[in-house]
Amino acid sequence: MEQTFLMVKPDGTARGIVGEVISRIEAKGLKIVAMKMMEIDEGLAKRHYGEHEGKPFFADLVSFITSGPVVAMVVEGREAVNVCRALIGATDPKEAGPGTIRGDFGIDVGRNLVHGSDSLASAEREISLFFTPEEIIEYKRTDEDWLYEN
Ligand code: DAT
Ligand code: MG
């Protein structure tokens, strides 16, 4: 099983799609093992988006992600990193396919509603930025035996 980091960004909380995002994760069969609403300060924003430092959109990205509450989650499941990226859709919502979160709810790249880790290494790094090990809960979904063949 993999764990990935997923976050509803300030535009998603302001637009009231937190429940929609959670519903899609649950409907897919993925398991939310940690979750909190929080405000991101500038230091955490810069660490989280460190790989984009120096890019022309970096300052706007930091000010956007710190502009309102986010809902941060750890999501677990088989190939959870790629499965979550597929649920979220392409970075630019204009190009994200219908049926994806960004494709169904967004238009502008700077307001793309949801973050998801892009690799297992990113997932580990991002989870540790937002959650302590004690905040990640182990439990069983009753449908796990039907979600996975083996
Ligand atoms: P993703 O969020 O799909 O992993 P990313 O890591 O390349 O995409 O970029 C992080 C965020 O930065 C992205 O969600 C929105 C913003 N962003 C990326 N490319 C951008 C661009 N060309 N102009 C404005 N914002 C951009
Ligand atoms: Mg990324």
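Residues numbered from 1 in each chain as written. Chains lettered and ligands numbered in written order. Predicted model: local features only at pLDDT ≥ 70, side-chain atom pairs only at ≥ 80, totals over all residues. Heavy atoms only, no water.

(A) Structural context of the sheet that holds strand β1 (residues 2-8). Taken together, the four strands give an open sheet; going across it, the order is β2-β3-β1-β4, and neighbouring strands pair in antiparallel fashion. Each of the sheet's edge strands pairs with one partner strand only, and the pair in question is β2 (31-38) and β4 (114-116). Adjacent strand axes in the sheet meet at a mean angle of 15° when their direction is disregarded. Pairing between β1 and strand β3 (residues 70-77): seven bridges, direction antiparallel. Each bridged residue has a counterpart across the sheet, and for V8 the counterpart in β3 is V71. Across the sheet, helix α5 (residues 80-88) lies against β1, β3 and β4, angled at about 30° from β1, the strand it touches most. (Pairing = 2+ DSSP bridges. Helix = DSSP H or I, 4+ residues; strand = E, 2+ residues; numbered from the N terminus. Axes fitted to C-alpha atoms, helices over the stretch in contact; angles between N-to-C directions. Contact = heavy atoms within 4.5 Å.)

(B) Structural detail: the side chain of K9. In this structure, K9 sits in the loop between β1 and α1 (10-14). For K9, which is buried and forms no salt bridge, the nearest opposite charge comes from D11, at a distance of 6.6 Å. Setting aside chain neighbours within four positions, we find K9 in contact with Y49, F64, I65, P69, V70, R102, N112, L113, V114 and H115. (Buried < 20%, exposed > 50% of the residue type's maximum accessible area, 1.4 Å probe, protein only. Lys, Arg positive; Asp, Glu negative; His and termini not counted. Salt bridge = Lys/Arg side-chain N within 4 Å of Asp/Glu carboxyl O.)

(C) Inspection of unusual backbone geometry at higher detail. Although it is not a glycine, E79 sits at a positive phi angle of roughly 50°. Assignment of secondary structure puts E79 in the loop between β3 and α5. By relative accessible area, E79 is classed as partly exposed at 48%. A positive phi is found at L113, a non-glycine position, where the angle reads about 75°. With respect to the helices, strands and loops of the structure, L113 is situated in the loop between α6 (101-105) and β4. L113 sits in the buried class, given a relative accessible area of 0%.

Distances and angles like these do not, on their own, reveal function.
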